[in-house]
Amino acid sequence: MRVASIQPMRKTTPALALLASIAAFQAPALAQADAPQDALKNTTAYKLVADLTSQVGQRLAGTPREAYARQWAVKRLAALGFAHPHIEPYTMPGWVRGEEKAMLLGAAEQKLAITALGDSGATPAGGITAPMVYFASFNALKVAPDSAVKGRIVFIDNAMQPLQDGGGYGPYGDARRAGPAVAASKGAVAVLIRSIGTDHNRDPHTGVTGWPKGVTPIPAAAVSVPDAELIALRAAHGVSEQVALTLTPRFTGPSPSGNVVADIPGRDPKLPPILVGCHLDSWDLATGAIDDGAGCAIVTAAALQATHGAPVLRTIRVLWAGGEERGGFGGEAYAKAHAGEPHALAMESDTGAGRVWQAVISLGAADKALGDAIAARLSDMGVIRGHGEAEGGEDVGYIAHEQKAAVIDMRQDMTHYFDLHHTPDDTLDKINPADLQQNVDTWAEVLKIVGNAPVIARQS
Ligand SMILES: [Zn+2]
């Protein structure tokens, strides 16, 4: 594949001979490098995500695909030896994707690579055609007068950059989470956003958007980064765009969803458990390998590895939450269903399959020695201690927050996470088995320490 992207070759044999000699030289080295990678594909974690992505595939929340994933998950967790794997059902609002296409009209007509945002409204079946107004940022839209927006298709650009800690997703992601509602409230007929992503493929990034009470959903879609750059260039040249847009997703009403919960019982079942979470649902554009098949593989394999041969003192509970992508429905339902049972500590894996490089440890003030012990063990494994507050995430964050439970965030290298996040490119081949196993190994060491801690205080 790489060779094909090299500059067109002249018809001279020396170039071909050189390529052939490079290939011959590299072949043994590649074969050697592949061997350990293949061995790592036999790990519990890699096999789990490989099987989830190939035997279940996409599992959009609130659809029969997600229900099938829950059935699969219960069987798999039982086969792995977990106690009492079961489904905890709840209901959430359903939404499914429809047709999606967009075209810049005019002399330089161009089809755009788009995908509807989760919870997008719909155009009529035949689509709409309207003038487009370009905003360089969500902030620019916020301060624009309604007259600049009314009756138009709003385009929101962004300048998100790849960062190790994934820190661009919070601020730039607001354009997706809240931008469509702001545009709708100013009278826009539809919204296109530059994908909240850092790749330069023509893969649009979906993700949920929100509609505050009283704001009627309008059609809202993400445009691939290269297409967004084309729109920006045309805007800079003063092109007044007309856009033809067809988006026909629909809301399907109250729909069944659920969490999958299973335990590795501790030696003292009366002690509050350690909760490790991920989300089982995925977007529908791909097989949800990094988001969040990898996370479920990591927490599950780590729980097994930490207790292999000898159970720890506390029960380790695995939560494969549902409905995360559409708005954290599973995490909320878990917190409600288990409000009466104290949890000692919560951790979540939902940032891909990159290596853990930092841990943020938020324990009660009385647990300084415990925190230092965790940090020292991780330091030996190349993971540094970070500052600030651990938050958990959409799946374990609700219950941890409500109970003031201790939280540890294992921060992964997210430099390339937003190249793939919520795209048709979120597939198994993007997972490096060695990096995945590094997550399992570091998580397992943490779980051994906290699992054997007789006392874990609440956070103040
Ligand atoms: Zn996720």
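See the structure above.
Each value, and the rule that gives it
Residues numbered from 1 in each chain as written. Predicted model: local features only at pLDDT ≥ 70, side-chain atom pairs only at ≥ 80, totals over all residues. Heavy atoms only, no water. Helix = DSSP H or I, 4+ residues; strand = E, 2+ residues; numbered from the N terminus. Buried < 20%, exposed > 50% of the residue type's maximum accessible area, 1.4 Å probe, protein only. Contact = heavy atoms within 4.5 Å. Polar contact = N/O pair within 3.5 Å; in protein donor to acceptor, adjacent residues only side chain to side chain. Pairing = 2+ DSSP bridges. Axes fitted to C-alpha atoms, helices over the stretch in contact; angles between N-to-C directions. Expected span 1.5 Å × (residues − 1). Arc of directions from axis to C-beta. Donors = N, O, S within 2.8 Å, 3.2 Å for Na, K, Ca; no water. 1 Å grid on protein atoms, 1.4 Å probe; cavity = no way out; pocket = protein on both sides within 12 Å on 5 of 7 lines; lining within 4 Å. Points joined across faces, edges and corners; volume = space filled by probe spheres on them. Salt bridge = Lys/Arg side-chain N within 4 Å of Asp/Glu carboxyl O. Disulfide = S-S within 2.5 Å.

A closer look at the environment of E66
Phase 1: With respect to the secondary-structure elements, E66 resides in helix 3 (residues 64–79).
Phase 2: Judged by relative accessible area, which is 1%, E66 ranks as buried.
Phase 3: Once the C-alpha coordinates of E66 and S282 are considered, the two residues, 216 residues apart in sequence, prove to be 8.3 Å apart.
Phase 4: Leaving out residues up to four positions away in the same chain, E66 has contacts with R59, L60, A61, P256, S257, G258, D281, G322 and G323.
Phase 5: Reaching out from E66, the side chain makes a polar contact with the backbone nitrogen of G62 at a distance of 2.9 Å.
Phase 6: Among the polar contacts made by the side chain of E66, one reaches the side chain of S257 at a distance of 2.8 Å.

Overview of the sheet that holds strand 12 (residues 316–321)
Phase 1: Across the sheet, which stays open at both edges, the eight strands sit in the order 1-10-12-11-13-16-14-15 with mixed pairing between neighbours. Strand pairing shows two members of the sheet lacking a second neighbour, strand 1 (83–96) and strand 15 (384–386), which therefore form its edges. Ignoring which end each strand starts from, the neighbouring axes of this sheet average 20° apart.
Phase 2: As defined by bridge partners, strand 13 (residues 345–348) adjoins strand 16 (residues 406–412) across two bridges and the pair is classed as parallel. Bridge pairing links L345 to A406 in strand 16.
Phase 3: Set on the sheet, helix 8 (residues 289–307) makes contact with strand 10 (250–264), strand 11 (274–279), strand 12 and strand 16; between it and strand 11 the angle comes to about 155°.

Quick look at helix 10 (residues 368–380)
Phase 1: Taking 1.5 Å of rise per residue, 13 residues should cover 18 Å, and helix 10 covers 19 Å from first to last C-alpha, within 8% of that figure.
Phase 2: Buried within helix 10 are the following residues: L370, G371, I374, A375 and L378. The buried residues of helix 10 occupy an angular sector of 130° when the element is viewed end-on, so they sit on one face. Structural note: helix 10 exposes K368, A369 and D380 on the side pointing more than 90 degrees away from its buried face.
Phase 3: Looking at the packing, one finds that the buried side of helix 10 touches strand 14 (356–362), strand 15, strand 16 and helix 13 (433–451).

Remarks on the coordination of the zinc ion
The expected angle between donors at a tetrahedral four-coordinate metal is 109.5 degrees. At an octahedral six-coordinate metal it is 90 or 180 degrees.
Phase 1: At this site the zinc ion is bound by H279 (NE2), D291 (OD), D350 (OD) and D350 (OD), with donor distances of 1.9 to 2.7 Å.
Phase 2: Written as a sequence motif, the donor arrangement for the zinc ion is H-x11-D-x58-D. Taken as a pair, D291 in helix 8 and D350 in the loop between strand 13 and strand 14 lie far apart in primary sequence, 59 residues in all. In terms of burial, D291 and D350 fall into one category: buried.

With respect to the side chain of N259
Phase 1: For N259, the location among the structural elements is in strand 10.
Phase 2: Of the residues examined, N259 reaches a relative accessible area of 1% and is grouped as buried.
Phase 3: At 2.9 Å, the side chain of N259 and the backbone nitrogen of G322 are in polar contact.
Phase 4: Polar side-chain contacts of N259 include one of 2.9 Å to the backbone oxygen of G330.
Phase 5: Not counting residues within four places of it along the chain, the set of residues in contact with N259 comprises R70, H86, I87, E88, Y90, L319, W320, A321, G322, G330, A333 and Y334.

Thoughts on the sheet that holds strand 7 (residues 190–194)
Phase 1: The sheet built from eight strands is open, its strands ordered 3-2-9-5-6-7-8-4 with mixed pairing. One side of each edge strand has no neighbouring strand; the edge strands of this open sheet are strand 3 (110–112) and strand 4 (114–116). Looking at each pair of strands side by side, their axes are set apart by 30° on average, direction ignored.
Phase 2: Relative to strand 9 (residues 242–247), strand 5 (residues 128–135) is paired through four bridges, and the arrangement is antiparallel. Bridge pairing in strand 9 links T129 to A244.
Phase 3: Packing of helix 7 (residues 225–236) onto the sheet brings it into contact with strand 2 (100–104), strand 3, strand 5, strand 6 (153–156), strand 7 and strand 8 (220–223), and relative to strand 3 it is tilted by some 135°.

Here's the deal with the environment of I231
Phase 1: By the element assignment, I231 lies in helix 7.
Phase 2: Sequence separation between I231 and R194 is 37 residues; the distance between their C-alpha atoms is 9.3 Å.
Phase 3: Once residues within four sequence positions are removed from consideration, I231 is found in contact with L104, L112, M132, Y134, F155 and V223.

A look at unusual backbone geometry
Phase 1: The step from D291 to D292 runs through a cis peptide bond, and the omega angle for that step is 5°.
Phase 2: Despite not being glycine, K404 shows a phi value in the positive range, around 50°.
Phase 3: Here K404 is to be found in the loop between helix 11 (397–403) and strand 16.
Phase 4: Overall, the relative accessible area of 47% leaves K404 in the partly exposed class.

A word on empty space enclosed by the protein
Phase 1: As enumerated under the stated definition, the model contains one cavity of 30 Å³ or more in all.
Phase 2: Computed from the structure, the largest cavity encloses a volume of approximately 70 Å³.
Phase 3: In terms of lining, the largest cavity is formed by S282, W283, A286, G288, D291, E325, H422, T423 and D426.

Overview of the pattern of salt bridges
Phase 1: Tallying each qualifying case throughout the model produces 22 salt bridges.
Phase 2: Taking the shortest distance from any N to any O, the salt bridge between E99 and K101 comes out at 3.5 Å.
Phase 3: The exposure class of K101 is partly exposed, given its relative accessible area of 41%.
Phase 4: The residue E445 makes a salt bridge to R377 at a minimum N-O spacing of 2.9 Å. Residue E445 is located in helix 13, and its partner R377 is located in helix 10; the two are separated by 68 residues in the primary sequence.

A look at the state of the cysteines
Phase 1: Counted according to the given criterion, the structure contains one disulfide.
Phase 2: Here C278 is linked by a disulfide to C296, with a sulfur-sulfur distance of 2.1 Å. The S-S bond linking C278 to C296 shows a torsion near 95°; that makes this disulfide right-handed. Of this pair, C278 sits in strand 11 while C296 is found in helix 8, placing the two residues 18 residues apart along the sequence.

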